[in-house]
Amino acid sequence: MPLIEQLSKDIVAGMKAKDELRLGALRMIKTALQKEISVDPSKPLTEAQEQQILKSLVKQRTDSIEMFRNAGREEMAVKEEAEKAIVESYLPAAASEADMNAALDAALAETGITSLKQMGVVMKATQAKLSGKNVDGKILSEKVRSRLS
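Our subject in this report is the structure included herewith. Owing to the predicted nature of the structure, the values given are computational and were not obtained by experimental measurement.

## A short note on the packing of helix α2 (residues 20–39) against helix α4 (residues 74–88)
So, step 1. Contact geometry for α2 and α4: axes closest at 9 Å, N-to-C directions at 60 degrees. Taken together, the axis directions place α2 and α4 in an arrangement best described as oblique. Here α2 runs over α4; the crossing is right-handed. Contacts from L21, R22, A25, L26, M28 and I29 of α2 reach α4 at K79, A82, E83, I86 and V87.

## Focus: unusual backbone geometry
So, step 1. Of note, K18 is a non-glycine position whose phi angle comes to about 55 degrees, a positive value.
So, step 2. With respect to the element layout, K18 can be found in the loop between α1 (3–17) and α2.
So, step 3. Using a relative accessible area of 67% as the deciding quantity, one classes K18 as exposed.

Parameters and conventions
- Residues numbered from 1 in each chain as written.
- Predicted model: local features only at pLDDT ≥ 70, side-chain atom pairs only at ≥ 80, totals over all residues.
- Heavy atoms only, no water.
- Axes fitted to C-alpha atoms, helices over the stretch in contact; angles between N-to-C directions.
- Helix = DSSP H or I, 4+ residues; strand = E, 2+ residues; numbered from the N terminus.
- Parallel < 35°, antiparallel > 145°, perpendicular 65-115°, else oblique.
- Left-handed = near helix turned anticlockwise from the far one by under 90°.
- Contact = heavy atoms within 4.5 Å.
- Buried < 20%, exposed > 50% of the residue type's maximum accessible area, 1.4 Å probe, protein only.

This is how it looks when you write it as structure tokens:
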């Protein structure tokens, strides 16, 4: 089932349950997806594009949480964390530490790279091995950097 249809059903369920926080987050996700569709209505969004939009929404929430905490607005940070959790529930499962380490080992063996200067090649190969899973690029980057240095 396309993500937009799933969101529509979940919005209806949220209305019936009168869950304002979830409802707001679901509407935000649906709007972001529809905005992308409006760019070129003749092409439906691919699953990869949908995931990219969801990842950008998660990143926005993460940045907002940090800014709210730095400004002493804990109640807003808590609201953003709840929205982030709702958005993340529509993403595939996150890659575990073991998955990331195994993919990194395989990428290093495959490429034969030992220099930090070629970190981008290793990152690309590792991400290719982890396709279909949600991977935090920052954590993966730190792992690659520590392994190559």
